[in-house]
Amino acid sequence: MLADRAFDADWLRNDLQNRSILSVIPPKSNWEFPAEFDKKTYQWRHLIENYFGKLKGNRGIEMRSCNTE
């Protein structure tokens with residue numbers, strides 16, 4: 001499960017571990033003992049999220065071009 005820092009909680013990590021689900025959640029910066037996560041996988045998640053954000057941002061341009069034809 002890929003998630004953002006907002007979902008960094010012990011109960012969530014423990015629940016995912018009990019279900020044999022690999023969690024890729026970066027730890028919050030204020031944790032005394034931060035949990036480990038796969039940085040490479042999280043980088044790919046970040047790139048994909050940014051790509052969809054750009055697609056959503058350019059959606060308005062595409063919709064206006066359809067109305068001018």
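The rules behind these values
- Every residue gets a number counted from 1 within its own chain, in the order that chain's sequence is written.
- Since the coordinates come from a predicted model, pLDDT governs what is reported: local features require at least 70, and pairs of side-chain atoms require 80 or more to be given and counted, while whole-chain, interface and lining totals use all residues.
- Hydrogens are left out, water is left out, and the side-chain values use all remaining heavy atoms of the structure.
- A run of H or I in DSSP counts as a helix once it spans at least four residues, and a run of E counts as a strand once it spans at least two, with each numbered from the N terminus.
- In this analysis, two residues are considered to be in contact whenever any of their non-hydrogen atoms come within 4.5 Å of each other.
- When a carboxyl oxygen of Asp or Glu is within 4 Å of a side-chain nitrogen of Lys or Arg, the pair counts as a salt bridge.
- Working definition: with a 1.4 Å probe on protein chains only, accessible area under 20% of the residue-type maximum means buried, over 50% means exposed, and in between means partly exposed.
- The arc under discussion is defined with respect to the helix axis, by the directions toward the C-beta atoms.

Caption draft 1: The arrangement of the environment of Ile 21 in detail. In this structure, Ile 21 sits in the loop between helix 1 (10-18) and helix 2 (39-67). Sequence separation of Ile 21 and Met 1 is 20 residues, and the distance between their C-alpha atoms is 6.8 Å. Among residues more than four places away in sequence, those in contact with Ile 21 are Met 1 and Leu 16.

Caption draft 2: Molecular detail of the pattern of salt bridges. Scanning the entire structure with this criterion turns up two salt bridges. Here Arg 19 ties to Asp 15 by a salt bridge, and the two come within 3.4 Å at their closest N and O atoms. Its relative accessible area of 30% is what places Asp 15 among the partly exposed residues.

Caption draft 3: Seen up close, the environment of Glu 36. Topologically, Glu 36 is positioned in the loop between helix 1 and helix 2. By relative accessible area, Glu 36 is classed as exposed at 75%. With twelve residues separating them in the primary sequence, Glu 36 and Val 24 have C-alpha atoms 8.5 Å apart.

Caption draft 4: Seen up close, helix 1. If you check which residues of helix 1 are buried, you get Leu 12, Arg 13 and Leu 16. Looking straight down helix 1, one finds that the buried residues subtend no more than 100° of arc, so they occupy a single side. Exposed side chains of helix 1 directed beyond 90 degrees from the buried face belong to Trp 11, Gln 17 and Asn 18. Ser 20 sits one or two positions beyond helix 1 and adopts a positive phi of about 60°.

This is a description of form; function is not addressed.
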